[in-house]
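Listed here are the chains, written in short residue letters.
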Amino acid sequence: MLVIVPFETKYTQNFKDLNIAWITEYFEVEDKDRELLDDSQAAIIDKDGHIFIGLWHNEPVGCFALIKKNEKRFELGKMAVSKSHRGLRIGQQLLSYAIDFAKNKNYEVLELYSSTKLDTALHIYRKHGFTIKPMVDYIDYLRSDIKMELKLK
């Protein structure tokens, strides 16, 4: 059973490790990854963002971040599930939690940037109502070739 908890400093290395694992499985770690993962407290939390950790029998096996763009728009990013726990619908539970959390905070839009190489992730995003939007002046990640948004209001 998955329990989703807010970030605590004791999860700093788990958050980094989960993300590095999936990134290096498919891509290369980029400067923006290092910025967000090397000091996630300063880069995300201290800038009014949020990080959540998914625990499976008290073991951190998944995570995601909500990175503040402005008061009503947040980027869903750094979502990862450990390879050993894929297929258990953990990603879908994390995504549902992120959407519910954002709605409860009265955010208006969740946006995300992904890669068309990640078929399973894109399927899950579409299933939860995200739609494709034009990529405009986006340079954070070389691997990102698709932008999706979910309007919450």
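Before reading on, note that the structure itself is shown above.
The shown structure was predicted, so the numbers you read here are calculated from the model rather than taken from an experiment.

Rules and cut-offs
- Residues numbered from 1 in each chain as written.
- Predicted model: local features only at pLDDT ≥ 70, side-chain atom pairs only at ≥ 80, totals over all residues.
- Heavy atoms only, no water.
- Core = buried A, V, L, I, M, F, W, Y, C linked by side-chain atoms within 4.5 Å.
- Buried < 20%, exposed > 50% of the residue type's maximum accessible area, 1.4 Å probe, protein only.
- Helix = DSSP H or I, 4+ residues; strand = E, 2+ residues; numbered from the N terminus.
- Contact = heavy atoms within 4.5 Å.
- Pairing = 2+ DSSP bridges.
- Axes fitted to C-alpha atoms, helices over the stretch in contact; angles between N-to-C directions.
- Parallel < 35°, antiparallel > 145°, perpendicular 65-115°, else oblique.
- Left-handed = near helix turned anticlockwise from the far one by under 90°.
- Nonpolar A, V, L, I, M, F, W, Y, C, P; charged D, E, K, R; others polar.

Asks: How should I be thinking about the nonpolar core in this particular structure?
Replies: The nonpolar side chains of a soluble globular protein tend to be buried with one another. Among the nonpolar cores identified, the biggest contains 29 residues, and Phe 64, Leu 76, Leu 94, Leu 95, Leu 110, Tyr 125 and Phe 130 are the most heavily contacted of them. Among the elements that line this core, the one with the most residues is helix H4 (residues 90-104), at 7 residues. If we skip the residues at most four places from it in the chain, Leu 94 touches Leu 2, Ile 4, Gly 54, Gly 62, Cys 63, Phe 64, Met 79, Ala 80 and Val 81. The next biggest cluster of nonpolar side chains, apart from the first, holds 23 residues, and it includes Tyr 11, Trp 22, Ile 23 and Cys 63.

Asks: Explanation requested: the sheet that holds strand S7 (residues 146-151) in the structure shown.
Replies: The strands that make up a sheet are held in pairs by hydrogen bonds between backbone atoms, and each pair lies either parallel or antiparallel. In spatial order, the strands read S1-S2-S3-S4-S5-S7-S6; together these 7 strands make up an open sheet with mixed pairing. With one partner strand each, in any of the chains shown, strand S1 (2-6) and strand S6 (131-133) form the two edges of the open sheet. The sheet shows a mean angle of 30 degrees between the axes of neighbouring strands, taken without regard to direction. Bridging between strand S2 (residues 50-56) and strand S3 (residues 59-68) involves 7 bridges; their strand directions are antiparallel. What sits directly across from Ile 53, in S3, is Cys 63.

Asks: Would you take a moment to explain the pairing of S3 for this structure?
Replies: Consecutive side chains along a regular strand alternate between the two faces of the sheet. Burial analysis of S3 places 8 of its 10 residues in the buried class, which makes it a mostly covered element. Between S2 and S3, which pair antiparallel and follow one another directly, the connecting turn spans 2 residues, one of which, His 57, has a positive phi of 55 degrees. Where S3 and strand S4 (residues 73-81) come together, 6 bridges link them in antiparallel fashion. Residue Ile 67 lies in a different strand from S4, and its bridge partner there is Glu 75. Following S3, the chain reverses through 4 residues before pairing antiparallel with S4.

Asks: Explain the packing of helix H1 (residues 12-26) against helix H2 (residues 31-38) here, please?
Replies: The relative placement of two packed helices is expressed as an angle between their axes plus a distance between the axes. Where H1 contacts H2, the axes come no closer than 9 Å and their chain directions differ by 160 degrees. In terms of orientation, H1 and H2 fall into the roughly antiparallel class. H2 is crossed by H1, and the crossing has right-handed handedness. Along its contact with H1, which presents Phe 15, Lys 16, Asn 19, Ile 20 and Ile 23, the element H2 presents Asp 33, Leu 36, Leu 37 and Asp 38. Residue classes in the contact of H1 with H2 are distributed as 5 nonpolar, 1 polar and 3 charged.

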